[in-house]
Amino acid sequence: MKTPKDQNTEQNILQAAKSVFQRKGMDGARMQEIADEAGINKALLHYYYRSKQLLFEAVFKSAFSLLAPQLNKILNDESSLEDKIKNFTSNYISFISKHPYLPNFVIQEINRNPEFILNMKGNIGFPNLETFKKQVDDEVNKKHIKPIKAEQLFINILSLSVFPFIGAPLLKAIGNIDDAQFKVLVEERKTHVAQFIINSIKA
């Protein structure tokens, strides 16, 4: 059993790692820099996490464990499809705004280690689309929305929400906008993406 001191040290390490990964990326991050940020020596860091890969996985799981149950609850609650799209978009963008390093981390990790995400699929709270798929099919059959596969609709919602974070440097350069302006655009997307999606599927 971990002592309170162990838990505090581990949390300090995860917070330091998140900060360094966000600044430097997975490849640019160094264990010594993470140890310095956490205020511990490198030997102690290696005691808790033997490698940068294991540390990254711990940071990812810590953040994803907060997001996944929220998204799963939205996808499987009793709300209307329109409200579901609005709630999902708002919650997802709000979360990624607080953890902007995650989208690129996920892409890097999927390319490097596809089994990592598959292994997480068995975790409690991992998003499940079955209720969402049935709801979309019902709405299509009732002719409330245009014919569309639930998987395609989900991809549209997710990609329109996440791309600004992945392509932030490019979007800032093309739009000639600074960090403050970009934050405003991201905040606006919480409602803009949802309304765009809803308007596109209305019958």
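As recorded in an unreviewed UniProt entry, the chain goes by HTH tetR-type domain-containing protein and comes from Yeosuana aromativorans.

Student: Even after reading the chapter, I still don't get the environment of Phe 64, so can you show me in this structure?
Tutor: Turning to its location among the elements, Phe 64 is positioned in helix H4 (residues 52-76). Sequence spacing of Phe 64 and Thr 9 is 55 residues, and the spatial spacing of their C-alpha atoms is 20 Å. With residues up to four places along the chain from it excluded, the contact list for Phe 64 reads Pro 69, Met 120, Phe 126 and Pro 127.

Student: Help me understand the side chain of Thr 9 in this model?
Tutor: If you trace the backbone, Thr 9 turns up in helix H1 (residues 4-28). Judged by its relative accessible area of 14%, Thr 9 is buried. Leaving out residues up to four positions away in the same chain, Thr 9 has contacts with Leu 44 and Tyr 48.

Student: Honestly, the UniProt feature "transmembrane region" (unreviewed entry) in the chain in this entry has me stumped. Any pointers?
Tutor: The positions UniProt marks with the feature "transmembrane region" (unreviewed entry) are residues 153-171. Secondary structure across residues 153-171 comprises 95% helix and 0% strand; the distance between its end C-alpha atoms is 24 Å.

Student: Where do I start with the UniProt feature "DNA-binding region" (unreviewed entry) in the chain in this structure?
Tutor: Taking the numbering used here, the UniProt-annotated feature "DNA-binding region" (unreviewed entry) corresponds to residues 30-49. End C-alpha to end C-alpha, residues 30-49 measures 13 Å, and it is 75% helix and 0% strand.

Student: Hey, could you run me through the layout of surface pockets in this one?
Tutor: Over the atoms, a rolled probe matching the size of one water molecule traces out where space is still vacant. Taken as a whole, the largest pocket spans an internal volume of roughly 660 Å³. Phe 64, Tyr 92, Val 106, Ile 117 and Leu 158 are, among the 23 residues lining the largest pocket, the residues nearest its centre. Elements with a minimum of two residues in the lining of the largest pocket: H4, helix H5 (81-98), helix H6 (102-112), helix H7 (114-120) and helix H9 (150-166). Taken together, the residues of the lining of the largest pocket break down into 22 nonpolar, no polar and 1 charged. Here the second largest pocket is characterised by a volume of approximately 440 Å³. Along its surface, the second largest pocket is lined by 18 residues, and Gln 22, Pro 100, Phe 165, Ala 168 and Phe 182 are the ones closest to its centre.

Student: Mind showing me how you'd approach the packing of aromatic side chains here?
Tutor: For the structure on display, the rule yields 6 aromatic pairs. Pairing Phe 21 with Phe 56 gives two aromatic rings, centres 6.2 Å apart and planes at 80 degrees, and the pair type is edge-to-face. Remark: Phe 56 occurs in helix H4 and Phe 21 occurs in helix H1; sequence separation between them is 35 residues. Ring centres of Tyr 47 and Tyr 48 lie 5.2 Å apart, and the angle between their planes is 90 degrees; on these two criteria the pair is classed as edge-to-face. Judged by its relative accessible area of 64%, Tyr 47 falls in the exposed class. Aromatic ring contacts, followed pair by pair, group Phe 88, Tyr 92, Phe 132 and Phe 154 into a single cluster. The aromatic ring of Phe 182 is capped on one face by Lys 172, whose charged end is 5.1 Å from the ring centroid.

Rules behind the numbers
- Residues numbered from 1 in each chain as written.
- Predicted model: local features only at pLDDT ≥ 70, side-chain atom pairs only at ≥ 80, totals over all residues.
- Heavy atoms only, no water.
- Helix = DSSP H or I, 4+ residues; strand = E, 2+ residues; numbered from the N terminus.
- Contact = heavy atoms within 4.5 Å.
- Buried < 20%, exposed > 50% of the residue type's maximum accessible area, 1.4 Å probe, protein only.
- UniProt positions renumbered as here; feature names shortened; annotations may be inferred.
- 1 Å grid on protein atoms, 1.4 Å probe; cavity = no way out; pocket = protein on both sides within 12 Å on 5 of 7 lines; lining within 4 Å.
- Points joined across faces, edges and corners; volume = space filled by probe spheres on them.
- Nonpolar A, V, L, I, M, F, W, Y, C, P; charged D, E, K, R; others polar.
- Phe/Tyr/Trp six-rings, centres within 6.5 Å; stacked < 30°, edge-to-face > 60°.
- Lys NZ or Arg CZ within 6 Å of the ring centre and 35° of its normal.

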